[in-house]
Structure formats: C-alpha cells, structure tokens
Amino acid sequence: MTAPPRILSIAGSDSSGGAGIQADIKTITMLGGYAMTAITAVTAQDTTGVHAVEALSPDMVAAQIDACTGDIGVDAVKIGMLGSAEIAQVVAEKLERLDVSVVFDPVMVATSGAPLADETTIATFARLMKLATLTTPNIPELAALGGVDAVLDHSPAVLIKGGHEDGDMLVDRLVTRDGEVAHWEGRRIDTRHNHGTGCTLSSAIATCLGMGLTLEEAISRGREFVRAALEAAPGFGNGHGPMGHQAVRFR
Ligand code: PXL
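Anyway, here's the lowdown on the structure attached to this text.

About the thresholds
- Residues numbered from 1 in each chain as written.
- Predicted model: local features only at pLDDT ≥ 70, side-chain atom pairs only at ≥ 80, totals over all residues.
- Heavy atoms only, no water.
- Helix = DSSP H or I, 4+ residues; strand = E, 2+ residues; numbered from the N terminus.
- Expected span 1.5 Å × (residues − 1).
- Buried < 20%, exposed > 50% of the residue type's maximum accessible area, 1.4 Å probe, protein only.
- Arc of directions from axis to C-beta.
- Contact = heavy atoms within 4.5 Å.
- Polar contact = N/O pair within 3.5 Å; in protein donor to acceptor, adjacent residues only side chain to side chain.
- Near = heavy atom within 4 Å.
- Areas by Shrake-Rupley, 256 points an atom, 1.4 Å probe, with all protein chains shown as cover.
- 1 Å grid on protein atoms, 1.4 Å probe; cavity = no way out; pocket = protein on both sides within 12 Å on 5 of 7 lines; lining within 4 Å.
- Sits in = over half its atoms within 2 Å of the grid points.
- Nonpolar A, V, L, I, M, F, W, Y, C, P; charged D, E, K, R; others polar.
- Disulfide = S-S within 2.5 Å.
- Points joined across faces, edges and corners; volume = space filled by probe spheres on them.

1. Describing the environment of L95
For L95, the location among the structural elements is in helix α3 (residues 85-95). For the pair L95 and M108, spaced 13 residues apart in the sequence, the C-alpha separation amounts to 21 Å.

2. Examining helix α2 (residues 58-72)
Along its 15 residues, α2 runs 21 Å from first to last C-alpha, staying within 8% of the 21 Å computed at 1.5 Å per residue. When α2 is considered as a whole, its buried residues turn out to be V61, A62, Q64, I65 and C68. All buried residues of α2 project into a common sector of 160° when viewed along the axis, lining one side. Turned more than 90 degrees away from the buried face of α2, the exposed residues are D59, G70 and D71.

3. Some points on the environment of H193
Following the sequence through the fold, H193 ends up in the loop between β9 (179-187) and α8 (197-210). Given a relative accessible area of 10%, H193 falls into the buried group. Taking the C-alpha atoms as reference points, H193 and A204, separated by 11 residues in sequence, lie 19 Å from one another. Beyond its immediate stretch of four places on either side in the chain, H193 contacts L230, A233, G235, F236, G237, G239, H240, G241, P242 and M243. In terms of polar contacts, H193 uses its side chain to reach the backbone amide nitrogen of G241, at 3.0 Å.

4. A look at the side chain of T135
Position of T135 relative to the elements: it lies in strand β6 (residues 134-135). Polar side-chain contacts of T135 include one of 2.9 Å to the side chain of S155. Contact partners of T135, with chain neighbours within four places excluded, come to F104, P106, M129, V151, S155, A157, V158 and L159.

5. Brief notes about the site of the ligand
With respect to spatial proximity, the complete set of residues near the ligand consists of G12, S13, D14, A19, G20, Q45, M81, V107, A110, L116, H195 and C199. Within the side chain of Q45, an N or O atom sits 2.3 Å from an oxygen atom of the ligand. Alone, the ligand offers 310 Å² of accessible surface; in the complex the protein occludes 95% of this. Cavity membership is defined here by more than half of the atoms lying within 2 Å of grid points; on that basis the ligand lies in the largest pocket. If one sorts the elements of the shell around the ligand by residue count, strand β1 (residues 6-14) sits on top with 3 residues. Taken together, the residues of the shell around the ligand sort by class into 6 nonpolar, 5 polar and 1 charged.

6. Examining the state of the cysteines
Under the definition given, this model contains 0 disulfides. With no disulfide of its own, C68 lies closest to C199 among cysteine sulfurs, the gap being 18 Å. Summary of cysteine pairing: C208 is not part of a disulfide, and the nearest cysteine sulfur, belonging to C199, is at 16 Å. Judged by its relative accessible area of 0%, C208 is buried.

7. Section: the layout of surface pockets
If you add up the space inside the largest pocket, you get close to 1000 Å³. Tallied by class, residues from the lining of the largest pocket come to 14 nonpolar, 17 polar and 11 charged.

Listed below in structure tokens is the structure:
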C-alpha cells in the first residue's frame with residue numbers, strides 16, 4: 001500500500017455537512033487522500049441558509065497549520081472560507097513558507113446567498129492568489145475579483161467555473177498567462193441539491209495534485225468527482241441539499 005497524499009483543508013465548518021470542511025474531508029477521503037484541517041470559522045447552517053458564523057482567532061488557525069505541517073507533513077493545500085482578513089494574512093504567511101500545491105477557492109457567498117467574506121477579507125485575496133497553484137472562482141466571484149486578467153496578475157492559473165451561466169451546456173475554462181489551456185464542457189445536472197460544489201471541486205483538485213497528477217488531469221478528475229456526487233445527492237433538507245460524496249467509488 002502506498003501512502004495517501006496528505007491534504008490540508010483550510011476552511012470553515014458547515015454544521016449541515018454539505019460544504020466547507022465537512023465536504024472537504026469527505027472528498028479527500030473518497031478520493032484516497034489523508035484529510036487534515038485548519039478550521040477558520042464555525043458556521044451554524046442548514047440547507048436553507050447560514051444562521052450564525054463565528055471566526056476563530058488567527059493564532060488558533062496558525063497553530064492548526066503548524067501542527068499539521070510540523071508533524072505529519074502536507075502534500076497539497078486547499079483554501080476555502082477564511083473568516084476574517086487577519087486569518088487570511090496568517091494563512092498567507094504560513095503558506096508562503098511551504099513548497100506545496102495550493103488550490104484557492106475564493107469563497108465569497110454560500111450557495112444559499114449568505115455572505116462568507118467581508119470587504120476587508122476579499123482585499124487580502126491578492127496575496128493568497130499569488131501563492132496559489134490554481135484559483136477557482138465561479139462567475140460572480142471572478143467579476144468581484146476584477147475579471148480574468150486581474151486574477152492572472154496574481155495567480156498563475158485560474159479555473160473559471162461556468163456553473164452560474166445560463167443554458168444546458170456549461171463550460172469550465174483553465175486559463176493561464178499563455179491564454180486558455182483547456183476547457184471542459186458538460187451538460188447541466190438539473191438539481192437544487194448543489195450545496196458544496198465549489199468546496200468539493202477545490203478539495204478534489206488539491207487531492208489529485210497531491211497524488212502527483214498534472215493540473216489538467218487533477219481538474220478532469222475533480223470535475224468527474226463533483227458530477228458523480230451531484231448525481232448521487234440524497235435529497236436532504238428543504239433548501240439546497242448536500243451532494244452524495246459517500247456514493248462515489250472511483251477506485
Ligand atoms: O461553498 C462555499 C462555502 C464555503 N465554506 C463554508 C460554507 C460554504 C457554503 O455554504 O458553508 C463553511
């Protein structure tokens with residue numbers, strides 16, 4: 001048995017289990033990775049919305065990162081919800097000293113529409129994009145970051161996720177400073193149970209990068225994982241329900 005890739009998710013906790021840290025642990029585990037976490041904030045939420053948010057102290061986030069990197073070690077990192085600008089700065093400080101693949105999901109709002117990052121936190125994203133291997137905005141996030149050229153000023157690669165576009169066929173595009181490198185087209189999976197898709201995709205890509213796959217291979221596999229988990233959504237809750245990570249068997 002070969003050792004699993006060690007994946008660190010730096011993200012917020014979603015009590016309902018569909019997004020955030022919980023989605024990341026399920027994704028990393030189902031893909032054969034070893035999941036570790038640095039929790040930035042705790043949310044009380046269900047499939048209908050976010051009812052309360054409490055960020056941890058920056059020191060506590062730093063201590064979690066140090067504990068993981070110092071003992072077990074890390075092969076790849078996923079960054080999701082940051083909780084505060086101070087936490088974002090501490091995360092950047094820690095990761096700037098690590099030489100591993102980093103997938104940065106610039107989380108701004110929850111699937112339910114609740115804000116998960118304030119203006120001052122979003123202002124720190126340039127520093128995180130700089131250290132990221134890949135930044136994975138959806139269309140509204142890309143607009144808030146100033147468009148693809150603005151993102152590429154900082155991040156070497158951006159995956160523009162087309163899930164918020166209209167129409168039946170959706171396209172995700174991988175763009176670097178050399179232009180579009182690859183794109184993936186897929187038929188829309190028509191479901192309201194799409195909570196946690198962004199978290200799941202970014203942690204799946206991080207896991208695959210940690211296994212040594214190329215960026216394009218990692219994105220392909222990550223997309224397949226998200227689509228399979230969407231198809232397997234159990235239909236829980238009255239709002240945007242969770243995906244079915246537990247049902248995806250790839251190996
Ligand atoms: O998908 C964005 C996201 C990130 N992090 C947490 C979330 C969500 C969406 O609901 O709850 C903790």
